[in-house]
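Each chain, letter by letter, is given below.
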Amino acid sequence: MKLVFATNNLNKLKEVQSLVPSHIELLSLSDINCAEDIPETSPTIEGNAIQKATYIKERYGYDCFADDTGLEVVALNNEPGVYSARYAGAAKDSTANMDKLLRELSGDKNRKAQFKTVIALHINNKTETFTGICTGSITEKKRGTDGFGYDPIFQPEGYDKTFAELPLEEKNKISHRAKAVHQLIRYLKN
Ligand code: IMP
């Protein structure tokens, strides 16, 4: 059975391929010759994930799953949330995004935040969603060089290191994305 993972990130694809049952062959967007910018115009993380999975099913005919992630900061009314990638502008610049977030939170004692990943699966004419959440806090300064995105300023609850200071295997055990992926795998196995 072929199932599209609506991503161009081959690391993500490989990681998930190693976890799904062996009768499922995962295809990337380039495997199905999809080079378009898939619209992500929903006001919610869940809506964007569903929009991407549905887009592929309708245009390319494949069953598909897609993920969308956002960082929700309590003192900022859960912003940047669905706008995390473009928080500081269309360039999707991680450094500019982090700098803006640290400025917005400057002097604020409430640093609580969470990452949320939603995976939407479009399969057998049904849509299922799986949500993974990782709670933590926004640090005062960037720390660490590993990872990507907001990792240098996000410290998961129960840890004294940011995601960018933790080894990748450690992050992958507790991350929002890992939690959503494990629910997806459980569903596909049943
Ligand atoms: P996307 O939905 O994977 O494109 O992510 C949306 C935004 O959240 C982008 O700015 C990413 O850099 C950021 N982001 C997603 N996952 C993570 C993560 O695990 N750590 C830090 N930032 C992330």
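In this text the structure is predicted, and so the values were computed from the model without any measurement.

## Here we look at the packing of aromatic side chains
Think of a pair of aromatic rings as described by two things: how far the centres are apart, and how the planes are tilted against each other in angle. Counted by the stated rule, this structure contains five aromatic pairs. Of the aromatic side chains, those joined through ring pairs into one cluster are Phe115, Phe154 and Phe163. Over the ring of tyrosine 87 we find lysine 100; its NZ or CZ atom is 4.3 Å from the centre of that ring. The ring of phenylalanine 163 is capped by lysine 171, whose NZ or CZ atom sits 5.1 Å from the centre of that ring.

## Thoughts on the site of the ligand
The local shell around the ligand holds 13 residues, among which Thr69, Asp151, Lys171, His176 and Arg177 are the closest. Between the ligand and threonine 69 there is a distance of 2.9 Å, counted from an oxygen atom to a backbone nitrogen or oxygen. In this structure, arginine 177 approaches the ligand through a side-chain N or O atom, which is 2.8 Å from an oxygen atom. Burial of the ligand by the protein amounts to 84% of the accessible area it has alone, namely 480 Å². At the level of secondary structure, the elements contributing two or more residues to the shell around the ligand comprise β3 (64-73) and α5 (176-189). A class-by-class count of the residues in the shell around the ligand yields four nonpolar, four polar and five charged.

## Some thoughts on unusual backbone geometry
Here the amide bond leading from glutamate 79 into proline 80 is cis, since omega sits at 0°, within 30 degrees of zero. In this structure, proline 80 sits in strand β4 (residues 79-81). Despite not being glycine, lysine 92 has its phi angle at roughly 55°, a positive value. When you line up the elements, lysine 92 lands in the loop between β4 and α3 (94-104). Non-glycine residue asparagine 124 carries a positive phi angle of around 50°.

## Observations concerning the side chain of serine 42
Here serine 42 lies in the loop between β2 (25-27) and α2 (45-60). Sequence-distant contacts of serine 42, defined by excluding residues within four places in its chain, comprise Gly47, Asn48, Gln51 and Val82.

## Some words on α2
Helix length check: α2, at 16 residues, gives a terminal C-alpha distance of 23 Å against a target of 22 Å (1.5 Å per residue), a fit within 8%. Taken together, the buried positions of α2 are occupied by Ile45, Gly47, Asn48, Ala49, Lys52, Ala53, Thr54, Tyr55 and Ile56. Considering only its buried residues, α2 is in contact with β1 (2-5), β3, β4 and β5 (112-123). Glycine 61, located one to two residues past α2, shows a positive phi value of around 80°.

## Focus: the nonpolar core
Among the nonpolar cores identified, the biggest contains 18 residues, and Leu71, Val73, Leu101, Ile138, Tyr150 and Phe154 are the most heavily contacted of them. Those elements that provide at least two residues to this core are β3, α3, β5 and β6 (126-138).

## Focus on the pairing of β3
The buried fraction of β3 amounts to nine of the ten residues, a majority that puts the element mostly inside the structure. The pairing of β1 with β3 spans two bridges and is classified as parallel. The partner of phenylalanine 5 across the bridge, within β3, is phenylalanine 65. As paired elements, β3 and β5 share ten bridges and run antiparallel to each other. The partner of aspartate 68 across the bridge, within β5, is valine 118. Inspection of the sheet shows β3 paired to β4 by three bridges, in the antiparallel sense. Paired with leucine 71 across the strands is glycine 81, a residue of β4.

## Re the environment of glutamate 15
By the secondary structure assignment, glutamate 15 is in helix α1 (residues 10-17). Glutamate 15 gets classed as partly exposed once you look at its relative accessible area, which sits at 36%. Each C-alpha atom, one on glutamate 15 and one on alanine 178, is 10.0 Å from the other, the two residues being 163 residues apart in sequence.

Cut-offs used in this document
Residues numbered from 1 in each chain as written. Predicted model: local features only at pLDDT ≥ 70, side-chain atom pairs only at ≥ 80, totals over all residues. Heavy atoms only, no water. Phe/Tyr/Trp six-rings, centres within 6.5 Å; stacked < 30°, edge-to-face > 60°. Lys NZ or Arg CZ within 6 Å of the ring centre and 35° of its normal. Near = heavy atom within 4 Å. Polar contact = N/O pair within 3.5 Å; in protein donor to acceptor, adjacent residues only side chain to side chain. Areas by Shrake-Rupley, 256 points an atom, 1.4 Å probe, with all protein chains shown as cover. Helix = DSSP H or I, 4+ residues; strand = E, 2+ residues; numbered from the N terminus. Nonpolar A, V, L, I, M, F, W, Y, C, P; charged D, E, K, R; others polar. Contact = heavy atoms within 4.5 Å. Expected span 1.5 Å × (residues − 1). Buried < 20%, exposed > 50% of the residue type's maximum accessible area, 1.4 Å probe, protein only. Core = buried A, V, L, I, M, F, W, Y, C linked by side-chain atoms within 4.5 Å. Pairing = 2+ DSSP bridges.

Nothing here speaks to function; it is geometry throughout.
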